Amino acid sequence: MMPPDVGMPDANPFVEIATHLFLEDLAAKVGVGGLNNYLVSLARNLASAMPEEEYATWAEFLEALRSGRSILSTFEEVRPVTDRCMVTPRSPFERGWREYAKRVGSFAPVHMESAEHYNAKVRPAAVTSLHIVMHTFREAASARVRVGGKTIRYEPLATVWVDGEKRSPPEDRLAPLLKRAGISRTKLGMLLRNHAEVWLLEPF
Amino acid sequence: MLDVALASLIEDMIEKAGADGVVEFWQRVGDKLAGRMGKEAYLGWTSFNVAVREGRTAFSIEGEVAPLTDMAITDIDSDVVGYLYAMRQCCYEPTILRTRYSVGQMSPADRTVCEEYNENVHNIAVCNFCVFHERFREEIARNITVSGNSLACHLLATRGWAGETKISAQNLAKININEEHVRALLRNYECVYALVMRGARLKGDG
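Keep in mind that what you see is a predicted model, and the values were worked out from it rather than measured. (Residues numbered from 1 in each chain as written. Chains lettered and ligands numbered in written order. Predicted model: local features only at pLDDT ≥ 70, side-chain atom pairs only at ≥ 80, totals over all residues.)

It is worth spelling out the overall build of chain A at this point. A tally of helices and strands in chain A yields seven helices and seven strands. N-terminal to C-terminal, the α/β element order of chain A is α-β-α-β-β-α-α-α-β-β-β-α-α-β. For 204 residues, the compact-globule estimate of 2.2 N^0.38 gives 17 Å, and chain A sits close to it at 17 Å. Projected onto its principal axes, the C-alpha coordinates of chain A cover approximately 45 × 45 × 30 Å. The 204 residues of chain A split such that 44% are buried. (Helix = DSSP H or I, 4+ residues; strand = E, 2+ residues; numbered from the N terminus. Rg over C-alpha atoms; globule rule 2.2 N^0.38 Å. Buried ≥ 20, exposed ≤ 12 C-beta atoms within 10 Å, placed from the backbone.)

And the structure:
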C-alpha cells in the first residue's frame, strides 16, 4: 500500500534568488565554462543522491510520473502526451526568476552566457543556466530508473523560457526525435503555446 | 530544485575553500544581493510597518514578515526608534522539507557551515542559510531610511527545524530587550530581528 501523498512543498523563492547570486559570484571567479561545469556536477550529484527506481511496466512508470512519485517528477509537474512524449507545464524555476526580476532586477547576463556555452558544447537546449541543471538532472535521473528491467533515456525536444524564447535541436536532429516521441511538428508547436518544456523518454 | 541542489555545491566548496571560505562566500553574496536591491525611504515607522505588512520592502523578499508593533524599542527620550520583526517560517525550512522528500536527509555540509559561523562569527545560526541571511539583512537595513535615519538590523533569535533555539545575548544587549520576551516569541516565530535607527541613544546607554 502506498503511503499518503504528503506533497512536495514549494521552495521559498528567496533561497532560489540567493542561489542565483551564489552562482553569479562563482561565475565571476571561474568563468562561464567553469560555471557550466559546476551546474552539470550539481545536477548529477543531486540525481545520484536520490533513490533508484524500478517499475514492472511502462504504464506503471507513466502513472508514477503523472502522480509525482518518480524521481523525474519530484521537482516539476510532468504530463505524458504520448507514451514517450512528456511535457512540463511550468518551469520549476519560473517562480524564482519572477521574484528575482521583481525584487532584484534583470537577470544577470552570465545565466544566458552559460546557456550559450552549453548549447555550443553539449546540446542546443538551454535558454538560461537553469536549463543546464534541468537537462542534466533529467538525463542523470533517467539513468536511475529501470522499466521492465531496462534503463531509460532522456532527450529534450524543446524548451521555452518565461519570456517566450525557445530552444530546440536543429531540424535534422529534431525530426527523428519527434518521430520517436510520437508527435508531429505541428503538435510540438501547439504544446509550446502553454508548456515550458517538451521532452522524450524511451527505453534504452 | 536549485535549492535542494545547493547543498552539494556547498559540499564541493567546503572541499575547495574550507567552511570558513564558504562563510565568507555566503556573506559576500548577501552583500551583493542587498547592493542590487536599491534604496528605500519612509516618512515614519507607521508607513514603514505598513510597507512591511504589504510586502513592499526589501525585507519582504524573504517571505512574510510580521512587524511586532507591540514591541517598540525606545530611546532615552522615550521616542520610538525601532521595532521587532519576526518570520513565522524560516526561509530555508521548505528546502529542508524538500530535501527530506527528494534526497532523504540534509547534507552534513549544512551543519559544518553553521557551526563554523557560530564558533567564529555570531552564535545565532541554525542552518547554513542564516549565514547569508544575517549579512543580507544588515546590508539592506543600511539602505532603508525611516524619518531620514538609516536603519541597523540586529538578528535576535532563531529556531531551527529540529527545535533548537539560538538567542543572541550580544544583540539583545544592544536594544535592551529581555531574553524571556524573545524566548516567548520563538513559540510562534522562527526568526526574530530588530530594526533600529542608526545612532539612536537607547535607554541604558551610557
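The structure having been displayed, the exposition proceeds.
The next subject is helix α1 (residues 13-49) of chain A. Between its terminal C-alpha atoms α1 of chain A stretches only 23 Å, short of the 54 Å expected from 37 residues at 1.5 Å a residue. At Gly 31 of chain A, α1 of chain A shows its strongest bend, of approximately 120°. (Expected span 1.5 Å × (residues − 1). Bend = angle between axes of the 7 residues up to and from the residue.)

So, about the interface of chain A and chain B. Contact with chain A, which involves 32 residues of that partner, is made by 29 residues of chain B. Contributions of two or more residues to the side of chain A that touches chain B are made by α1, α3 (94-103) and α5 (129-142) of chain A. The biggest single contributor to the side of chain A that touches chain B is α1 of chain A, with 15 residues. Partitioning the side of chain A that touches chain B into residue classes produces 22 nonpolar, six polar and four charged. (Contact = placed C-beta atoms within 7 Å. Nonpolar A, V, L, I, M, F, W, Y, C, P; charged D, E, K, R; others polar.)

Every α-helix carries 3.6 residues per turn, so stepping three or four residues along brings you back to the same face. All names here are of chain A. Within the sequence span of helix α6 (residues 171-181), burial applies to Leu 177, Leu 178 and Ala 181. Down the axis of α6, the sector holding all buried residues measures 105°, keeping them to one side. Exposed side chains of α6 directed beyond 90 degrees from the buried face belong to Asp 172, Ala 175, Pro 176 and Lys 179. Buried residues along α6 sit against β3 (85-88), β5 (150-160), α7 (185-194) and β7 (197-203). Remark: Gly 182 follows α6 within two positions and exhibits a positive phi of approximately 80°. (Arc of directions from axis to C-beta.)

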